Structure formats: C-alpha cells, structure tokens
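# Per-entry structural report
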Amino acid sequence: MSLVIDGQSVDVPAGASVLDAVNRLGIPLPQLCKDPDRPSLGACRTCLVTVEGQRGTPAACHLPARDGMVVSTTAPEVV
C-alpha cells in the first residue's frame, strides 16, 4: 500500500503502522515508548500526526497505515 507523509510517497506492507512508514522515510519523529519486542501502546503520545480527512491527532505507532493516506508530522497542532 502507498501513502504520503510530509509530501513524500512511501510504500509499506499490509499490517504496517504509520510510524513504520515514517521510519522508512527517515523522517524524525519522537517515539519514546516504541519497543520492537512489544505491541505498540500509543501511551507516550510523542509520535502524534495529522491525517487528511480525519479529526484529531492520532499516535503514529498505533495507527494502521491505509492505502492513499495523507499524513503530516509537521502540522502546527502536533509540533
């Protein structure tokens, strides 16, 4: 599936999170509670993003990537 983050297109496999896509692009985004040996929690709330057409500021680690998503890590409400 393909999504756009901060104007850059990225392809990720099914089951990937938005944070996986962010990391694949090398975009710096805080991720204090990310532990590769544990499921994502979204508890620390440092990896917040905005998604076009979606209200709120979800945690990227806990947000499943969807084909066609347009994500921002630099929107004023998440910086």
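The text that follows walks through the structure, step by step, so that each part is easy to find.

Parameters and conventions
- Residues numbered from 1 in each chain as written.
- Predicted model: local features only at pLDDT ≥ 70, side-chain atom pairs only at ≥ 80, totals over all residues.
- Heavy atoms only, no water.
- Buried < 20%, exposed > 50% of the residue type's maximum accessible area, 1.4 Å probe, protein only.
- Helix = DSSP H or I, 4+ residues; strand = E, 2+ residues; numbered from the N terminus.
- Pairing = 2+ DSSP bridges.
- Contact = heavy atoms within 4.5 Å.
- Axes fitted to C-alpha atoms, helices over the stretch in contact; angles between N-to-C directions.

## Describing the pairing of strand β1 (residues 2-5)
Burial along β1 is one-sided: Leu-3 and Ile-5 are buried, and none of Ser-2 and Val-4, which face the opposite way, are. Where β1 lies against strand β2 (residues 8-11), four bridges are found, and the strand directions are antiparallel. Bridging from a neighbouring strand, Leu-3 pairs with Val-10 of β2. Counting the residues in the hairpin turn of β1 and β2 gives two residues, including Asp-6, whose phi is positive at 50°. By the bridge criterion, two bridges tie β1 to strand β4 (residues 70-72) in an arrangement that is parallel. Looking across to β4, one finds that Val-4 is bridged to Val-70.

## Focus: the sheet that holds β4
Taken in spatial order, the four strands of this open sheet run β2-β1-β4-β3, and their pairing is mixed. Edge positions in the open sheet fall to β2 and β3 (50-51), since each of these has one partner strand only. Here two bridges tie β3 to β4, and the two strands are oriented antiparallel to one another. Note that in β4 the partner of Thr-50 across the bridge is Ser-72. Against the sheet, helix α1 (residues 18-25) touches β1, β2 and β4, its axis set at about 115° to β2.

## Observations regarding the environment of Thr-57
By the element assignment, Thr-57 lies in the loop between β3 and β4. The class for Thr-57 is partly exposed, based on a relative accessible area of 23%. Residues Thr-57 and Met-69, 12 residues apart in the sequence, show an inter-C-alpha distance of 14 Å. Leave out the neighbours within four places in its chain, and Thr-57 touches Arg-45, Leu-48, Val-49, Thr-50, Glu-77 and Val-78.

## Describing the environment of Met-69
Looking at the secondary structure, you find Met-69 in the loop between β3 and β4. Take Met-69: its relative accessible area is 4%, and that puts it in the buried class. Taking the C-alpha atoms as reference points, Met-69 and Ile-5, 64 residues apart in sequence, are found 8.2 Å from one another. The residues contacting Met-69, other than those within four sequence positions of it, are Ser-2, Leu-3, Val-4, Val-18, Val-51, Leu-63 and Pro-64.

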